[in-house]
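Summary of the model geometry
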2 protein chains.
Amino acid sequence: MWQSPSMSYEPPMSNDEFRRAGHEMIDWIADYWETVETRPVLSQVAPGDLRAALPASPPSTGEAWSEIMSDVDELIMPGITHWQSPNFFAYFPANASPPSVLGELMSAGLGVQGMLWATSPACTELETHMMDWMVDLCGLPDRFRSSGSGGGVIQDSASSGALVAILAARERTAGQYRWDELVAYTSEHAHSSMLKGCRIAGLMEDQVRLIQSDENFAMDAAALREAMQNDIVEGRRPFFVQATAGTTSSTAFDPIEEIADICKDFVAWLHVDGAFAGSAAVAPEFRFVNDGLDRVDSYTFNPHKWLLTNFDCSLFYVADRQPMIAALSVLPEYLRNAATDAGSVVDYRDWQVPLGRRFRALKLWFVIRTHGAEGLANFVRSHVEMAKDFDAKIAAHPQYEVVAPTALSLVTFRHIGGDADNERIRDAINHGGEAYITHTKLNDQVVLRLAIGAVRTEQRHIDAVYSLLAALA
Amino acid sequence: MWQSPSMSYEPPMSNDEFRRAGHEMIDWIADYWETVETRPVLSQVAPGDLRAALPASPPSTGEAWSEIMSDVDELIMPGITHWQSPNFFAYFPANASPPSVLGELMSAGLGVQGMLWATSPACTELETHMMDWMVDLCGLPDRFRSSGSGGGVIQDSASSGALVAILAARERTAGQYRWDELVAYTSEHAHSSMLKGCRIAGLMEDQVRLIQSDENFAMDAAALREAMQNDIVEGRRPFFVQATAGTTSSTAFDPIEEIADICKDFVAWLHVDGAFAGSAAVAPEFRFVNDGLDRVDSYTFNPHKWLLTNFDCSLFYVADRQPMIAALSVLPEYLRNAATDAGSVVDYRDWQVPLGRRFRALKLWFVIRTHGAEGLANFVRSHVEMAKDFDAKIAAHPQYEVVAPTALSLVTFRHIGGDADNERIRDAINHGGEAYITHTKLNDQVVLRLAIGAVRTEQRHIDAVYSLLAALA
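Residues numbered from 1 in each chain as written. Chains lettered and ligands numbered in written order. Predicted model: local features only at pLDDT ≥ 70, side-chain atom pairs only at ≥ 80, totals over all residues.

1. Quick look at the overall build of chain A
Across its full length, chain A carries 15 helices and 11 strands. Each principal axis of the C-alpha distribution contributes one length, and for chain A these read about 75 × 70 × 45 Å. Out of the 473 residues in chain A, the part that is buried amounts to 61%. Taking contacts inside chain A between residues at least 6 apart in sequence as the whole, the part at least 24 apart equals 74%. (Helix = DSSP H or I, 4+ residues; strand = E, 2+ residues; numbered from the N terminus. Buried ≥ 20, exposed ≤ 12 C-beta atoms within 10 Å, placed from the backbone. Contact = placed C-beta atoms within 7 Å.)

2. Notes on the packing of helix α6 (residues 158–172) of chain A against helix α7 (residues 192–200) of chain A
Residues and elements named next belong to chain A. Between α6 and α7, the shortest axis-to-axis distance is 9 Å and the interhelical angle comes to 45°. As far as their axial angle goes, α7 and α6 are oblique. Relative to α7, α6 is oriented so that their crossing is right-handed. Together, Ala 158, Ser 159, Ala 162, Leu 163 and Ile 166 of α6 and Ser 193, Met 194, Lys 196, Gly 197, Cys 198 and Ile 200 of α7 make up the contact between the two elements. Of the residues that constitute the contact of α6 with α7, the class distribution is 7 nonpolar, 3 polar and 1 charged. (Axes fitted to C-alpha atoms, helices over the stretch in contact; angles between N-to-C directions. Parallel < 35°, antiparallel > 145°, perpendicular 65-115°, else oblique. Left-handed = near helix turned anticlockwise from the far one by under 90°. Nonpolar A, V, L, I, M, F, W, Y, C, P; charged D, E, K, R; others polar.)

3. Observations concerning the relation of the copies chain A and chain B
Relative to chain B, chain A is turned by 180° and slid 0.0 Å along the rotation axis, the superposed coordinates differing by an RMSD of 0.0 Å. The transformation relating the two chain copies, once decomposed into turn and shift, fits a two-fold axis. Comparing interface residues between copies, 100% of those in chain A also lie at the interface in chain B; the contact surface is shared. (Least-squares fit on C-alpha atoms with pLDDT ≥ 70 in both.)

4. Things to note about the environment of Ile76(B)
By the element assignment, Ile76(B) lies in helix α3 (residues 65–76). The spatial distance from the C-alpha of Ile76(B) to the C-alpha of Leu54(B) is 10.0 Å, given a sequence separation of 22 residues. Non-local contacts of Ile76(B), meaning those with residues more than four positions away in its chain, are made with Ala122(A), Leu126(A) and Asp71(B).

5. Comments concerning the sheet that holds strand β9 (residues 410–415) of chain A
All names here are of chain A. Pairing is antiparallel across the open sheet formed by 4 strands, whose spatial order is β8-β9-β11-β10. Single-partner strands in this sheet number two, and they are β8 (400–402) and β10 (438–442). Each strand of the sheet is rotated relative to its neighbour by a mean of 40°, with strand direction disregarded. Judged from the 4 bridges that link them, β9 and strand β11 (residues 445–451) form a sheet pairing that is antiparallel. Residue Val 411 lies in a different strand from β11, and its bridge partner there is Leu 450. Sheet strands touched by helix α14 (residues 419–432): β9, β10 and β11. Its angle to β11, the strand with the most contacts, is close to 30°. (Pairing = 2+ DSSP bridges.)

6. A look at the environment of Gly202(A)
All names here are of chain A. Residue position: Gly 202 is located in the loop between α7 and β3 (208–211). For Gly 202, a count of 23 C-beta atoms within 10 Å corresponds to the buried category. With 22 residues separating them in the primary sequence, Gly 202 and Asp 180 have C-alpha atoms 8.5 Å apart.

7. What to know about α7(A)
It helps to recall that an α-helix has 3.6 residues per turn; residues three or four apart then point in one direction. Burial analysis of α7(A) places 8 of its 9 residues in the buried class, which makes it a mostly covered element. Listed as buried for α7(A) are Ser193(A), Met194(A), Leu195(A), Lys196(A), Gly197(A), Cys198(A), Arg199(A) and Ile200(A).

8. Quick look at the packing of helix α4 (residues 98–110) of chain A against helix α4 (residues 98–110) of chain B
Running from N to C, α4(A) and α4(B) cross one another at 160°; their axes reach a closest spacing of 9 Å. Taken together, the axes of α4(A) and α4(B) are roughly antiparallel relative to one another. The two elements α4(A) and α4(B) cross, and the hand of that crossing is right-handed. Residues Val101(A), Glu104(A), Leu105(A), Ala108(A) and Gly109(A) of α4(A) lie in contact with α4(B), whose contacting residues are Val101(B), Glu104(B), Leu105(B), Ala108(B) and Gly109(B). Of the residues contributing to the contact of α4(A) with α4(B), the split by class is 6 nonpolar, 2 polar and 2 charged.

9. Focus: the sheet that holds strand β7 (residues 314–318) of chain A
Residue and element names in this part refer to chain A. Taken in spatial order, the 7 strands make up an open sheet running β1-β7-β6-β5-β4-β2-β3, and their pairing is mixed. Two strands bound the open sheet, and with one partner strand each, they are β1 (151–155) and β3. Sheet twist, expressed as the average angle between the axes of neighbouring strands with direction ignored, equals 20°. By the bridge criterion, 5 bridges tie strand β2 (residues 182–187) to strand β4 (residues 237–244) in an arrangement that is parallel. Its bridge partner being in β4, Tyr 185 is matched across the sheet by Val 241. This element, helix α9 (residues 256–266), spans β4 and β5 (269–273) of the sheet and lies at about 165° to β4.

10. Comments concerning the pairing of strand β6 (residues 298–301) of chain A
Residue and element names in this part refer to chain A. Side chains Ser 298 and Thr 300 project from β6 onto one buried face, and the interleaved Tyr 299 and Phe 301 project onto a second face that is buried too. Bridge count between β5 and β6: 3 bridges; the pairing is parallel. Residue pairing in the sheet places Asp 273 in a bridge with Thr 300 of β6. As paired elements, β6 and β7 share 4 bridges and run antiparallel to each other. The residue of β7 that forms the bridge with Thr 300 is Phe 316.

11. Digging into unusual backbone geometry
With an omega of 10°, the peptide bond running from Phe311(A) to Asp312(A) counts as cis. Structurally, Asp312(A) is set in the loop between α10 (303–306) and β7. The phi angle at Val267(B) is positive, at roughly 50°, despite the residue not being glycine. Its place among the elements puts Val267(B) in the loop between α9 (256–266) and β5 (269–273). Among the residues examined, Val267(B) registers 11 C-beta atoms within 10 Å and is labelled exposed. Positioned with a positive phi, Asp444(B) is a non-glycine residue whose angle comes to about 65°.

12. Topic: the nonpolar core
Grouped together as the largest cluster of nonpolar side chains are 335 residues, with contacts concentrated most on Ile259(A) and Ile259(B). Each residue touching Ile259(B), except ones within four places of it in the same chain, is listed here: Met219(B), Ala221(B), Leu224(B), Val241(B), Ala243(B), Asp254(B) and Leu270(B). (Core = buried A, V, L, I, M, F, W, Y, C linked by C-beta atoms within 7 Å.)

13. Details of the interface of chain A and chain B
When the parts come together, some accessible area is lost, and that loss is often what is quoted as the size of the interface. The partner chain B presents 121 residues to the 121 residues of chain A that form the contact. Ranked by the residues each element gives to the side of chain A that touches chain B, the list is headed by helix α13 (residues 361–396) of chain A, at 15 residues. Of the residues in the side of chain A that touches chain B, the class split is 61 nonpolar, 40 polar and 20 charged.

14. Side note on the confidence of the model for chain A
All names here are of chain A. On average, chain A scores 96 in pLDDT, and the residues at 70 or more come to 99%. In this model, residues 1–6 is a region of pLDDT below 50 whose contacts with residues beyond four sequence positions or in other chains number 5 contacts. Predicted as a complex, the structure gets a pTM of 0.97 and an ipTM equal to 0.97. (pLDDT = per-residue confidence, 0-100.)

15. Side note on the pairing of strand β2 (residues 182–187) of chain B
Residue and element names in this part refer to chain B. Among the 6 residues that make up β2, 6 are buried, leaving the element largely enclosed by the rest of the structure. Neither face of β2 is left uncovered, since the one carrying Leu 182, Ala 184 and Thr 186 and the one carrying Val 183, Tyr 185 and Ser 187 both have all their residues buried. The pairing of β2 with strand β3 (residues 208–211) spans 4 bridges and is parallel. Within β3, the residue paired with Tyr 185 across the bridge is Arg 209. At this point the chain moves from β2, through helix α7 (residues 192–200), to the parallel β3, and the crossover so formed is right-handed. (Right-handed = clockwise from strand over helix to strand, strands pointing away.)

Here is the structure:
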């Protein structure tokens, strides 16, 4: 069929041009990593700065690649907060290591959809295999292995894992209770995503209880039991408890064993959020982070935080996959295929909210194979060592105090002068650009957090931020 | 502080090694794209093949990069279904173009989190800007621009967009109705993700109505009005309608204008799913896909299907962002910051289910700038041309018939012999490896789908698949 010249598609970037621009991009990234230490960690731009510098309308014809890269350097980079800087100590880290970035690149190049086994068998099978390898690497309970009734899947985030857990728990009570009778529980220090997940799943504010915590910011199990008992008395149905292994504010560990006893008594689903701390289990001496997991229904932790694998890579395990699949499976005709019909394969679309999914197992495979178990263990060990060192120095400083136990690589501390002093110190560090730290509140006081875990952080970076803090005291 | 040699972390891949392995990976991808046409499109492996070939346990020490790449070639590649093959005509396409892959790579290398404006201002501002550019490029209504009460965000998928729309609609009725009184509506040909979204949001099966469609598989608006009226009479509250601009089975277009009239009368939220077809609007002559969008509450379409941008990149627009933010915002202390407190910025965490998010706007920016508006328009035009040609040939063939109108680049057709013949033809093509097509059911009959839209598909690939079909007739 004849096509007019104006209607034909000419790819603006040929394969050869892709090779050239791709090699440049790899070098651009390597250069970035080598120099990121010298950039102000927190972006110093004002709201609207980038938008004001961009053309209001898209171009009508294609532009040269060199112009685009030049705009990246001049317009985009000042607006970047450098999560890959060794001086990034805010929130929790977001690891992007060289092998994981190559896995993300290969995944993009292959461009496969892993919604069904049939739509790329390797995408599904490598993921199942990596989830089993991670059981080995972290010493997780056998109930999470794919060979039994459970199994694991890569989600985009611990938020989505919590939501899937809530939906599976809700499904398990379906038919026996009205959903407006259901009640969920977590600690006052749990991550906000649990509240968001409950809200998404249709629970009202009065169907979620925030249980008080003890002096170390861990959930008070006796208070949990009492709250659940009260709800039973008032005709409600406790159906879901989320415990945390390493809270966001202070890496406090809820008493999972005791909570599991309670959940057994009330037949409630127990989900554990180990988003940050879970990765520590690659080092056998830190496997206290797994305490009690052999008795929970679901568990999540994020290699995209502290295990060298770039976002998104959040691991979600269940002990029994059936309620989850029952909650999430909808099979229209256009997705039917012989392998699915035969029931001989895993279709991960039934393990998550979206239908489509990238080949995320590749980057985890690359990270595990390049490092090996010992390399991964040494990675988390190095950060815990630095944190113990920083903790000791802060404890010894007359104007600072450590606020919560330093279980792993997050140190929570404060200037004894009060909230205003702590906010002043935080802002001075962040606006100076030498480092980036964030705050939280514990016991109603502003507390500073030094979260160690970036891929390129070394002892000298900790020494430098300590010197800054000492000078600002 | 002294560290024992066994505790120190030695990155297994230095920056220089990353440069070498990265250049290799770029060439590996370019080689793949150049040869993908020669590979069997649908993977021919059996369930368990890959897992059987992988070591049962992870390595204890790191392995060489060359071994990993060798395993990719030997173990992974046979298990890949080649979505980037020019002979991929299954489902809908999943475009991965060279500039978009470079955008994904840069995003992975920067490794920033875009959950808040403050956590990388450029990540948020470029995204807002690209969502506005796409309003221009597609001729979308002004109500979706960020300058008014609405705006846009990149989601991972149209499934997640539908869920967010349902949650915003539910929020808009909050306080006025009990959630178990709410009823949602869509057509029997809507995507399964709408049912999944309703279920996630806590609606029971009897709170969702599948409205019948007309002879062209578009929603019957009169039947919708009647169903909503019946529900009102029975004391329920119609709150949400999802219409489709280009259904999955046949790219049928629901009558959005009429449906908007009905939604206005019943004060129901109107969401439009244009996942595949929406991208066609980059060519002005196809802007019928936008008909009625100036009267809807939310709209989604996926550049990761048919606009050269690799998964995930699903655009979600709302006319009024407030109910969505009210539904999804939870602000704990550890996420508070000056810019958020001042209300002067967009924090996209409140526009989606997860908290974390990648810098996905980069790849869209690269695609738009390398192509320009004309290049993008020619891309979709080329596929529509090919589909019209294929449609004409099928219509002229004595053993085949076209089943639904070919509105854009999906052709639905069948062998007149019946279901068994169509399944035989589908399987013969797919198992032969020369092309990959999938089926659906329309009017209870098995129908074959030829979805044209892969980045490298040319007229000769359509000619070849037509010859195959003719030989199998």
